[in-house]
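Residues per chain are reported as follows:
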Amino acid sequence: MFVPASNEWLHEFSWHGVDPDNKTRQVAGANVFTKLKLIPDQFYYNVDEIRTSDNGLVRVKLMIFHEIYDINAMLAATDDPIGDIISCITADITAFTAARTYVEFVEKSAELNELSNYPHLMAICKSSGVRVTKVVFRGYFAAPKIQASHDEAIDKRTNLQLEFEREQQLQEMKDREMSAEKDRLTTEHNLQLSELAHSQKLSKVKQKHNLEMQLKYATDDISREKAKADADITRRKFEIDQTLAHYTQLRKLDVALTPYILGNSAIPDQITKIVKDSSKSSPSSNVHLHLGTGGIPNPTLTNTTI
């Protein structure tokens, strides 16, 4: 049996406690006890009727984990640490919600799981000997009209997002088709260029071959003409040498060459005799001789008197 000394007494604690009718509501003085629990504990709490910057009412649902780490500091600082925690969390939630519109609150509500968004709570924990280890955001509740309006807006945004994604997919499909068409046209263009280059190369080779063959034929013709001319010169020289040798032999035999040469010459086709008329006293006369075809006189005998 415990008997207090003269300077000791049994302390009775009276803290906020859970409302029997609503576990998410804390009632002042509902938790009265004389034995202090030092193990970690938690409780549910709803912050009701918090207004957003666009005047929307919401209820924020939380679960708070806490523990006592310094009894003397707690006894010196507060009579109801749970009440202090509730007051500080309400202040932090109010500040967080009032700075945002309803839509912004919904989008940023996940940040309520972070202790950095509870500055008042963290400040009171440093001096009260009670540590809040975690705050869990369990969701929110809004007025039916606000929630209906928000749901409608969500539906519209969802439909717009789906429409946007559909249009984006169509655009991407068109882009891919255009890219494929561009690649196809580029390939066809490159193929046409290759065919044109090949055709030009073949034409160039063919033209070069034709020029080479023409040059070869011309060279062969020149070679043949030169060979023929050389042969004619050689033959003519040989004939001249033979004739000269023949005349030389005749000369050695004391044969008169002039009559011999004249006798061996061909009979002329035409003989033209020019006789001066002594009855005319003209000192000079002009003679016109008309030659036949190719500059050769006609084979006739002509007597011309001047």
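Here is what the cut-offs are and how they apply
- Residues numbered from 1 in each chain as written.
- Predicted model: local features only at pLDDT ≥ 70, side-chain atom pairs only at ≥ 80, totals over all residues.
- Heavy atoms only, no water.
- Helix = DSSP H or I, 4+ residues; strand = E, 2+ residues; numbered from the N terminus.
- Buried < 20%, exposed > 50% of the residue type's maximum accessible area, 1.4 Å probe, protein only.
- Contact = heavy atoms within 4.5 Å.
- pLDDT = per-residue confidence, 0-100.
- Pairing = 2+ DSSP bridges.
- Axes fitted to C-alpha atoms, helices over the stretch in contact; angles between N-to-C directions.
- Core = buried A, V, L, I, M, F, W, Y, C linked by side-chain atoms within 4.5 Å.
- Salt bridge = Lys/Arg side-chain N within 4 Å of Asp/Glu carboxyl O.
- Polar contact = N/O pair within 3.5 Å; in protein donor to acceptor, adjacent residues only side chain to side chain.

J.: How should I be thinking about the overall build of the protein chain in this particular structure?
T.: The helix and strand tally for the protein chain stands at 6 helices and 7 strands. Across the 306 residues that make up the protein chain, the buried fraction comes to 18%. For the protein chain, contacts bridging at least 24 residues in sequence account for 59% of all contacts bridging at least 6.

J.: Sorry if this is basic, but what is going on with the confidence of the model for the protein chain here?
T.: Do not read the predicted coordinates in detail wherever pLDDT is low. For the protein chain, per-residue confidence averages 84 on the pLDDT scale, and residues scoring 70 or more make up 85% of the total. When pLDDT is averaged over each helix and strand of the protein chain, the minimum, 48, is found for strand 7 (residues 302–305) and the maximum, 93, for helix 2 (residues 81–98). Here residues 293–305 is a poorly scored stretch, pLDDT under 50, and it has 23 contacts once near neighbours within four places are set aside; other chains count.

J.: What is the right way to read the sheet that holds strand 5 (residues 130–142) from this model?
T.: Within a sheet, each strand pairs with its neighbour through backbone hydrogen bonds, oriented either parallel or antiparallel. With respect to topology, 3 strands assemble into an open sheet ordered 3-4-5, the strand pairing being antiparallel. Edge positions in the sheet fall to strand 3 (41–51) and strand 5, since each has one partner strand and no second. Between one strand axis and the next, the sheet turns through 25° on average, direction left out of account. Across 9 bridges, the pairing between strand 3 and strand 4 (residues 57–68) is antiparallel. Across the sheet, residue Tyr45 finds its bridge partner in strand 4, namely Leu62. Across the sheet, helix 2 lies against strand 3, strand 4 and strand 5, angled at about 40° from strand 3, the strand it touches most.

J.: I'm lost on the nonpolar core in this one. Help?
T.: The nonpolar side chains of soluble globular proteins are, as a tendency, buried together. In this structure, Leu62, Ile89, Ile93 and Leu121 are the most contacted members of the largest nonpolar core, which totals 32 residues. Broken down by secondary-structure element, the contributors of at least two residues to this core are strand 1 (13–19), strand 3, strand 4, helix 2, helix 3 (102–108), helix 4 (119–128) and strand 5. Take this core: its biggest share by element is 7 residues, from helix 2. Setting aside anything within four residues of it in sequence, one finds Ile93 in contact with Val47, Ile50, Val60, Leu62, Leu112 and Tyr118.

J.: Would you take a moment to explain the pattern of salt bridges for this structure?
T.: Under the criterion given, the structure shown has 13 salt bridges. A salt bridge links Arg184 to Glu188, with the nearest nitrogen and oxygen atoms 2.4 Å apart. Highlighted residues: Arg184 and Glu188, both in helix 5 (residues 144–252), separated by 4 residues, approximately one helical turn. You can call Arg184 partly exposed: its relative accessible area is 37%.

J.: Hey, could you run me through the side chain of Thr78 in this one?
T.: When you line up the elements, Thr78 lands in the loop between helix 1 (71–77) and helix 2. Engagement of the side chain of Thr78 in a polar contact is seen with the side chain of Asp84, the distance being 2.5 Å. Look past the residues within four positions of Thr78 in its chain and what remains in contact with it is Asp84 and Ser128.

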